Amino acid sequence: MEDSFLVVGRFVRIVRKDGVLLFKPVVRDTRFFSHISHLYHSLFKTEFTVSSIKKAAKGFHVRIAEVEKPYEAEYLVGEEFALPKNELVGKTLDALIGLPVTNTSGDEIGTVTAVFETPLYPLITVRRSGDQLDIPLTPETARLEEKRVVLLREDSRAY
């Protein structure tokens, strides 16, 4: 996996006269948002510093350090922002999509194409040569190693 970016959301409107914006996530798992310190414009990869972020009813209220005047915030409304995928692996389930899945010997089995939360564990969908497997992501069945998911037991399928 190259150093790719994952679009995490977009600014939808200005919420305060000091330039604070409403940020709507496009990822389902947003637990990591309260700890982000920067965002990248998804098209131009320009880095913006997040000076404050607070959970709100309809998303997150975000203050960008580079926005010094309220009218400057208008330029960000409607724009999508991303984070490097390598920063997100292990912090959000959405970052698992696209990762290779291998067995313990390192042989590639397939690629993660979807992730679902169940009440007991996350469930990953792995596509491999024409079919797909649904695998519970538990300590007994799989583990995350840097930029791949390692299947500990190849017989572990969710039914």
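Relevant structure appears above.
Keep in mind that this is a model prediction, so the values were computed, not measured.

**Q** Tell me about the overall build of the protein chain, residues and numbers included.
**A** The helix and strand tally for the protein chain stands at two helices and 12 strands. Written out in order from the N terminus, the α and β elements of the protein chain read β-β-β-β-β-α-β-α-β-β-β-β-β-β. Overall size of the protein chain, expressed as C-alpha extent along the three principal axes, is 55 × 30 × 25 Å. In the protein chain, which comprises 159 residues, the share counted as buried stands at 42%. Taken as a whole, the protein chain presents about 9,100 Å² of accessible surface, with 50% of it coming from carbon and sulfur. Side-chain charges in the protein chain split into 22 positive and 23 negative, and the spacing between the mean points of these groups amounts to 7 Å.

**Q** Tell me about the nonpolar core, and name the residues and values.
**A** Ranked by size, the top nonpolar core spans 38 residues in total, and within it Val 8, Phe 11, Phe 23, Phe 33 and Leu 39 carry the most contacts. Ignoring any residue separated from it by four or fewer positions in sequence, one finds Phe 23 in contact with Val 8, Gly 9, Arg 10, Phe 11, Phe 33, Leu 39, Gly 59, Phe 60, Val 62 and Phe 81.

**Q** Residue-level account of the sheet that holds strand β7 (residues 100-103), with values.
**A** Read across the sheet, six strands follow the order β10-β9-β8-β7-β12-β11 without closing on themselves; strand pairing throughout is mixed. The sheet is open, and its two edges are formed by β10 (131-136) and β11 (142-145), each paired on a single side. Neighbour-to-neighbour, the strand axes of the sheet open up by a mean angle of 35°, direction not taken into account. The pairing of strand β9 (residues 122-128) with β10 spans six bridges and is antiparallel. Its bridge partner lying in β10, Leu 123 is registered against Pro 136.

**Q** A description of unusual backbone geometry should follow, citing residues and the corresponding values.
**A** Backbone geometry follows two general trends: most residues other than glycine have a negative phi, and most peptide bonds adopt the trans configuration. Although it is not a glycine, Lys 45 sits at a positive phi angle of roughly 65°. On the secondary structure map, Lys 45 appears in the loop between β3 (38-41) and β4 (47-56).

**Q** So, the pairing of strand β6 (residues 80-84): which residues are in play, and what are the values?
**A** Where a strand is regular, its side chains alternate between the two sheet faces. With respect to burial, β6 is a largely interior element, four of its five residues being buried. Across five bridges, strand β1 (residues 5-14) lies against β6 in antiparallel orientation. Residue pairing for β6: Phe 5 is matched across the bridge by Pro 84. Strand direction decides the pairing type here: β3 and β6, joined by two bridges, are antiparallel. Its bridge partner being in β6, Tyr 40 is matched across the sheet by Ala 82.

Criteria and thresholds
Residues numbered from 1 in each chain as written. Predicted model: local features only at pLDDT ≥ 70, side-chain atom pairs only at ≥ 80, totals over all residues. Heavy atoms only, no water. Helix = DSSP H or I, 4+ residues; strand = E, 2+ residues; numbered from the N terminus. Buried < 20%, exposed > 50% of the residue type's maximum accessible area, 1.4 Å probe, protein only. Areas by Shrake-Rupley, 256 points an atom, 1.4 Å probe, with all protein chains shown as cover. Lys, Arg positive; Asp, Glu negative; His and termini not counted. Charge placed at Lys NZ, Arg CZ, Asp CG, Glu CD. Core = buried A, V, L, I, M, F, W, Y, C linked by side-chain atoms within 4.5 Å. Contact = heavy atoms within 4.5 Å. Pairing = 2+ DSSP bridges. Axes fitted to C-alpha atoms, helices over the stretch in contact; angles between N-to-C directions.

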